[in-house]
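Tertiary structure, described
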There are 2 protein chains.
Amino acid sequence: MLSQTLVNVAMGRKPAGLVIKNGVWVCVQTGEIIPRTDIAIADGHIAYVGENADHAIGKNTQVIDAAGRYLVPGLLDGHMHVESGMVTVTEFVRAVAPRGTTGMFIDPHEIANVFGLKGVKLMVDEAARQPIHVWVQMPSCVPSAPGLETPGASISPADVAEAMTWPGIIGLGEMMNFPGVVAADEKMHAEMHSTRHAGKTIGGHYPTPDLGLAFHGYAAGGPEDDHEGTRAQDAIARARQGMKPMLRYGSAWHDVAAQVKAVTNHHVDPRHFILCTDDSHAATLAYEGHMDRVLRHAISEGLPPMTAIQMATLNTAEHFGLSREIGLIAPGRWGDVLLVRDLKDFHADLVIAKGRLIAQDGQWKQELPAYPYPDWVRHSVKLKRALTADDFKIKVSLTPNPSPDGRGAGVRANVIGVIENQAPTRHLRLELTPENGEIRSSLFTRHASPDIAKVALVERHHATGGVQVALVSGFGLKARCAIATTVAHDSHHMIIVGTDEDCMAQAANRLAETGGGQVVVKDGEIIGEVGLPIAGLMSDEHVETVARQAETVLAGVAACGSKLNSPNMQMALLGLVVIPELRISDKGLVDVTKFEFVPVIE
Amino acid sequence: MLSQTLVNVAMGRKPAGLVIKNGVWVCVQTGEIIPRTDIAIADGHIAYVGENADHAIGKNTQVIDAAGRYLVPGLLDGHMHVESGMVTVTEFVRAVAPRGTTGMFIDPHEIANVFGLKGVKLMVDEAARQPIHVWVQMPSCVPSAPGLETPGASISPADVAEAMTWPGIIGLGEMMNFPGVVAADEKMHAEMHSTRHAGKTIGGHYPTPDLGLAFHGYAAGGPEDDHEGTRAQDAIARARQGMKPMLRYGSAWHDVAAQVKAVTNHHVDPRHFILCTDDSHAATLAYEGHMDRVLRHAISEGLPPMTAIQMATLNTAEHFGLSREIGLIAPGRWGDVLLVRDLKDFHADLVIAKGRLIAQDGQWKQELPAYPYPDWVRHSVKLKRALTADDFKIKVSLTPNPSPDGRGAGVRANVIGVIENQAPTRHLRLELTPENGEIRSSLFTRHASPDIAKVALVERHHATGGVQVALVSGFGLKARCAIATTVAHDSHHMIIVGTDEDCMAQAANRLAETGGGQVVVKDGEIIGEVGLPIAGLMSDEHVETVARQAETVLAGVAACGSKLNSPNMQMALLGLVVIPELRISDKGLVDVTKFEFVPVIE
């Protein structure tokens, strides 16, 4: 038994596999910094932590001299989506483990929308093969908006109950359907019930600033954490209600600075606070970091390094019931140890995970096994036939109203208004002039104003041939162009924004050909592209390659005239029919304030 | 589902069963004291905690006005033995719940030595019927000293594996066989392995001051807590090694004052510190209290009240993976709430457990269900036949050595030397003079010195007829008398200490007749007695009755001339063949420094 081995190594009866000498122990369990500490590791686990591990050194023991550097437990990301990095689990690990991340709690919500339970199983399987710990949260809300959209697959309470029996499943992924929780919806509560029954953790997601009865109702329903708080009072309210505030510092969501004030200004006990990233883009991972980046930021915002490190190690482990396994440097736990020179400017010199030195100075010291994806996962973009410009027409069957001043005749259109750097959209009501019985995209480029493009949602999961075409304002496109993406939250059909129907058809057909990704077509030429052939969401290329490809997409969109900060992200959210005000789904245009369909042309 | 009910109550759609108005929330999860707090409880669980629960009050809702008193989570005892109170689980609960204890983690180690797994099952069953939470730790070390004693039954790794499937079992009871853990003993590690595999908590027990390799080996072996530390450095060492220091304040063991200095002086993070009682006698429970007493003491030793309360609520719940259930006042948790006027002079005015007002001002507000003990549990004292004075003879078959000075002839005897107020004994080697080929007890009362009595261990589990007779020094008995007990750690045979063989036989036969307990016979008359008919360990009388009966035993022993502080406890430990130096078992006299049998007369 493992415990016998650990005792024998601790007692000097058996040699350790790895001994770290002369470190400074960041003892998160006591809050102490303890100099002159050695660690002995055997069978992947810590056998001894104390003043002198010489007795555990045998002739085959690897000995690392910490030379007075800090010994920090491997960092944990309390909630995140691998798909946001546009890479596979393996490539995500390749990017973040050398930065010091040795444990991740991933919610494969995106692939679940494409492939359902079998997509989740795939992620669980890939997760289990990693040299670091990757636990999977079972997606809870697929589809996100039942009745308003058709994802590739859906998740039922029975699926959740089944997944809870899988060893790699640590709990339920963010319970986004907060109106369902608060309305005592049977399906949502059944999912939470089977999670609780399995002794696993229910993830939360409560994105409104309302801390009144709805918030209390949500807390009473069972979610045990929440990463959607943005203010100090949000963090405090969650902690009081027995939830764990997860402070998020992703690529786009920066919610740590405001919420750490709960600790630094309001002196709330930080034991239940957890740090996470939620969504990190490939470029962030490639150039800035992962949980090390979060730590540097949290510390720069005033958290004592010990407190910040506890929020990225022990607190996270305890939340998921894993503090016997990870989250602290102590006997019996996995040998996940970082060597760090400076706790404030936090960078991992060496990363030891599961007892093995896996990375040094940011470089891998071992090979990562390639995950053998099955063929079906690369064929998720299923169109009934190749699309043509005709598929992107908006016909006007109504007689146009003569305009009051007699200068022309217009129709009233419902248009999605993009708000830069924000997830919500506006519901614009604009008067447009049809030409030959249709709203032609060529109209839009002729005039500086209104800034309108077509947006199409192409069904891609079941080859139904369905195409919904509507209008969007705010991209500022000035060329004959189209941008297409198969990353299209949450049901991940294909979304195309464009000013020219031929370009739109070309972009759509290109993604069907490559298996998915994002592509920019200008004047009939592909000028930017990132390939995401796995489920249309992920690449199995290195994160830096993906980051560079993603940059060609951004450069391409800019070349088409858009000045938006993150046009591809804004596009990817146009189908998110859970956030107000107006969105497009495979079923039509949705007024998300009323959860009703509305026509493009009134 | 419960969660739906809680949401509906929190939202005001359903009335609560109980609402507490206008309290001051001791919010252990944030460390805050929050005024003007209401709590709504439904189906035994907290549905709402916040500023105003008026919306949850219906016409049948019981409303309690806290009138500004503190709202404190029900107190938890992290490790204890019900049997130490000499009462049943039900009577223990009757005594402690009105004091504010709403959760106990009990290790039925004593009854396990008498009845094995079926005794444990009985306790689990009785525990499940209580109006408070009683979780059972599966005893790990029965017998305590394999090969040196024969208990009534033993516990195997297979028994442990089976018990881990029972819902009422929360983990493994204190792993006392620390030499076994450190020696990588197969049986001990198998028990810990099946506990770990079941996701439950391994209790520890490391009673030596050695913080060297043996301590490191013990920590590496798997025990997750320890209540045997006595010094601040013990608490710190355990916390560093990832174990939870359990600070014990029982009737006899006072280990809180020294160890809280780890927090008050050394500023160690207290999140992993836990308070417990381990052993509380009936009189302590009846007259002083339970966890409320521990809190008052811990606070008087300098702990901030919030920290002390966290150590008796949240920290304990988190240790056992129960913080979704108990240990804090928050939605979804059991409605275990105390109303308290003064956090320093801690007394519970009202006790609400599982959502019901169970006690007010120390008085029960509801009936406790009587537990229907099966008949066999009252027949644990099984003698082959009635004993006579002859059974208590010590024959000297050797020829006495002539003494060097020619004044007489003596034999060399191995005598147990009692040390007042301590568990260890001394191994005395004394020269005694036989009379007619035996060591007669009448000898001892004739002389002021040496202070010697006979000690007999009578086999009582399997009616083997076995009687071991030896000698003990330190009781100071001056009359013709005998004291007998069926509480005789850990194998709980019957131990009799006496100066007169007839009195010894009478005392033994009395306990066989009553089913067990403790009795004092002086000059042929019973002058003190407590009846413990359940397993020979527990009474089903009220704790105050038992305390009064126990006082008659102490008074009786004093009347026999003993000035020992706790003569009945010292007696009860004479068979504890795991603590040095000399003990008696059903197999003979044991040298516990060498784990060898030694003869009474050399």
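See the structure printed just above.
Okay, so let's go over this structure. Note that the structure is a prediction, hence the values are computed from the model and not measured.

Thoughts on the environment of M138(B)
Residue and element names in this part refer to chain B.
- Within the element layout of this structure, M138 appears in strand 8 (residues 133-138).
- We classify M138 as buried; its relative accessible area is 0%.
- Separated by 65 residues in the primary sequence, M138 and G203 have C-alpha atoms spaced 9.4 Å apart.

Let's talk about the packing of aromatic side chains
All names here are of chain A.
- Throughout the structure, instances matching the rule amount to 14 aromatic pairs over all chains.
- Each ring, one from F115 and one from W376, has its centre 4.9 Å from the other, and the planes form 80 degrees; the classification is edge-to-face. Of the two residues, F115 is situated in helix 3 (residues 109-115) and W376 in the loop between strand 17 (363-364) and strand 18 (394-395); the sequence distance between them amounts to 261 residues.
- Judged by its relative accessible area of 30%, W376 falls in the partly exposed class.
- Relative to Y206, the ring of F178 has its centre 5.5 Å away and its plane inclined at 70 degrees; by these criteria the two rings are edge-to-face. Of this pair, F178 sits in helix 6 (residues 178-182) while Y206 sits in the loop between strand 10 (201-204) and helix 8 (213-221); the two residues are 28 residues apart in sequence, bridging distant segments of the chain.
- Overall, F178 belongs to the partly exposed group, its relative accessible area being 21%.

What about the pairing of strand 25 (residues 481-485) of chain A?
Residues and elements named next belong to chain A.
- Counting buried positions over the five residues of strand 25 gives five, a clear majority of the element.
- In strand 25, alternate side chains face the same way, and those of C481, I483 and T485 on one face and A482 and A484 on the other are all buried.
- Taken together, the five bridges between strand 25 and strand 27 (residues 517-522) define a ladder with antiparallel strand orientation. For A484, the partnering residue across the bridge sits in strand 27 and is V519.

Considerations on the pairing of strand 9 (residues 169-175) of chain A
All names here are of chain A.
- Judged by how many residues are buried, strand 9 sits mostly within the fold: seven of seven residues are covered.
- Here strand 8 (residues 133-138) pairs with strand 9 via three bridges, running parallel. Bridging from a neighbouring strand, M138 pairs with L172 of strand 9.
- Handedness of the crossover joining strand 8 and strand 9 through helix 5 (residues 157-163): right-handed.
- When strand 9 meets strand 10, the two strands line up parallel, connected through three bridges. Bridging across to strand 10, G171 finds its partner in T201.

Some thoughts on helix 1 (residues 2-10) of chain B
Residue and element names in this part refer to chain B.
- Counted residue by residue, helix 1 has eight buried out of nine residues, so it is predominantly covered.
- Taken together, the buried positions of helix 1 are occupied by S3, Q4, T5, L6, V7, N8, V9 and A10.
- G12 sits one or two residues past helix 1 and shows a positive phi near 85 degrees.

Considerations on the interface of chain B and chain A
- The interface is formed by 63 residues belonging to chain B together with 63 residues belonging to chain A.
- Each partner contributes to the roughly 5,000 Å² buried at the junction of chain B and chain A, and carbon and sulfur atoms together form 52% of this total.
- In terms of surface lost to chain A, no three residues of chain B exceed R240(B), R271(B) and R324(B), which account for 16% of the buried area on that side.
- Our count for the chain B to chain A interface comes out at eight salt bridges.
- Along the contact surface separating chain B from chain A lie 37 residue pairs in polar contact (both at pLDDT 80 or more).

Structural notes on the environment of V396(B)
Residue and element names in this part refer to chain B.
- Mapping V396 onto the fold places it in the loop between strand 18 (394-395) and strand 19 (401-402).
- V396 sits in the buried class, given a relative accessible area of 11%.
- Put simply, V396 and N436 are 40 residues apart on the chain and 8.7 Å apart in space, counted from C-alpha to C-alpha.

Observations concerning the relation of the copies chain B and chain A
- Note on the identical chains: chain B maps onto chain A by a rotation of 180 degrees and an axial translation of 0.0 Å, with an RMSD of 0.0 Å. Expressed as an axis order, the relation between the two copies is that of a two-fold axis. Measuring from the rotation axis to each C-alpha of chain B, the shortest distance belongs to G321(B), at 3.4 Å.
- When the interface residues of chain B are mapped onto chain A, 100% of them are again interface residues, pointing to one common binding face.

What to know about the pattern of salt bridges
- This model, assessed by the stated rule, comprises 60 salt bridges over all chains.
- Its salt-bridge partner being K393(A), residue E438(A) comes within 3.9 Å of it at the nearest N-O pair. One end of the pair, E438(A), is in strand 22 (residues 438-439); the other, K393(A), is in the loop between strand 17 and strand 18, with 45 residues separating them in the sequence.
- Classification of E438(A) as buried rests on a relative accessible area of 11%.
- Taking the shortest distance from any N to any O, the salt bridge between E501(B) and K454(B) comes out at 2.6 Å.

Points about the sheet that holds strand 12 (residues 244-248) of chain A
All names here are of chain A.
- A sheet is described by the order of its strands in space; here three strands give the open sequence 11-12-13, paired in parallel fashion. At either end of the open sheet lies a strand with only one pairing partner, and these are strand 11 (225-226) and strand 13 (274-276).
- Inspection of the sheet shows strand 11 paired to strand 12 by two bridges, in the parallel sense. Bridge pairing links D225 to K244 in strand 12.

Reading guide: rules and limits
- Residues numbered from 1 in each chain as written.
- Chains lettered and ligands numbered in written order.
- Predicted model: local features only at pLDDT ≥ 70, side-chain atom pairs only at ≥ 80, totals over all residues.
- Heavy atoms only, no water.
- Helix = DSSP H or I, 4+ residues; strand = E, 2+ residues; numbered from the N terminus.
- Buried < 20%, exposed > 50% of the residue type's maximum accessible area, 1.4 Å probe, protein only.
- Phe/Tyr/Trp six-rings, centres within 6.5 Å; stacked < 30°, edge-to-face > 60°.
- Pairing = 2+ DSSP bridges.
- Right-handed = clockwise from strand over helix to strand, strands pointing away.
- Contact = heavy atoms within 4.5 Å.
- Buried area = accessible area lost by both parts, 1.4 Å probe.
- Salt bridge = Lys/Arg side-chain N within 4 Å of Asp/Glu carboxyl O.
- Polar contact = N/O pair within 3.5 Å; in protein donor to acceptor, adjacent residues only side chain to side chain.
- Least-squares fit on C-alpha atoms with pLDDT ≥ 70 in both.

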